[in-house]
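Overview (structure and organization)
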Amino acid sequence: MQIDGYVIPVPEGKKQEYLELAQWYDQLMIEHGAIEVFEGWELDVPDGTLTDFRRAVAAEEGEKIVFSWILWPDKATADAAHEAVHEDERFKSMTSFPFDGKRMIVGTFEPIVALRKD
């Protein structure tokens, strides 16, 4: 499996706009093979002593942190899905996003522990 993780600063006033984008994007990821997609809107993100989520993305006053991930069965499926999104006409026609993509943190991870209560 593979996990794509994201930390994104989003202006609080753009929550609905972000949610609409996320619902479209996340559904497309599911259609292209994602097992699970999670989007979390900041509820309590404390300031750390040395570093924290807010500093990591240079969050500005009035921005909330979004913490999200996509679980994939494998790298090939994830790569194909990301390629499909970039070829999608809706994506190509987007001229702006409800967040500053330059401050978004993106990473790909290999699961080493996975527990779930059913």
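You'll find the structure just up there.
Attention here is on the structure that accompanies the text. Being a predicted model, the structure only gives us computed values, none of them experimental.

Glancing now at unusual backbone geometry. Apart from glycine, the bulk of residues carry a negative phi angle, and the bulk of peptide bonds sit in the trans form. One non-glycine residue, Ala-58, lies in the positive phi region at around 50°. Position of Ala-58 relative to the elements: it lies in the loop between α2 (53–56) and β3 (63–72).

On to helix α1 (residues 15–31), then. Across its 17 residues, α1 extends 24 Å between first and last C-alpha, which sits within 8% of the 24 Å expected from 1.5 Å per residue. Buried residues along α1 sit in contact with β1 (2–11), β2 (36–41), β3, α3 (75–87) and α4 (89–92). Gly-33 sits one or two residues past α1 and shows a positive phi near 115°.

When the terminal C-alpha atoms of α3 are compared, their 18 Å separation across 13 residues agrees well with the 18 Å that a helix rising 1.5 Å per residue should span. Listed in full, the buried residues belonging to α3 are Thr-77, Ala-78, Ala-81, His-82 and Val-85. Taken around the axis of α3, the buried residues stretch over an arc of 130°, which confines them to a single face. Along α3, the residues that are exposed and aim more than 90 degrees away from the buried face are Lys-75, Ala-76, Glu-83 and Glu-87. Looking at the buried side of α3, the elements it contacts are β1, α1, β3 and α4. One side-chain oxygen at the N-terminal end of α3 lies 3.3 Å from the backbone nitrogen of Ala-76; it belongs to Asp-74.

If you trace the backbone, Glu-63 turns up in strand β3. A polar contact is formed between the side chain of Glu-63 and the backbone nitrogen of Glu-60, at a distance of 2.7 Å. For Glu-63, the residues in contact, after removing those within four places along its chain, are Pro-9, Val-10, Pro-11, Glu-12, Glu-42, Arg-54, Ala-58 and Arg-103.

Rules of the game
- Residues numbered from 1 in each chain as written.
- Predicted model: local features only at pLDDT ≥ 70, side-chain atom pairs only at ≥ 80, totals over all residues.
- Heavy atoms only, no water.
- Helix = DSSP H or I, 4+ residues; strand = E, 2+ residues; numbered from the N terminus.
- Expected span 1.5 Å × (residues − 1).
- Contact = heavy atoms within 4.5 Å.
- Buried < 20%, exposed > 50% of the residue type's maximum accessible area, 1.4 Å probe, protein only.
- Arc of directions from axis to C-beta.
- Polar contact = N/O pair within 3.5 Å; in protein donor to acceptor, adjacent residues only side chain to side chain.

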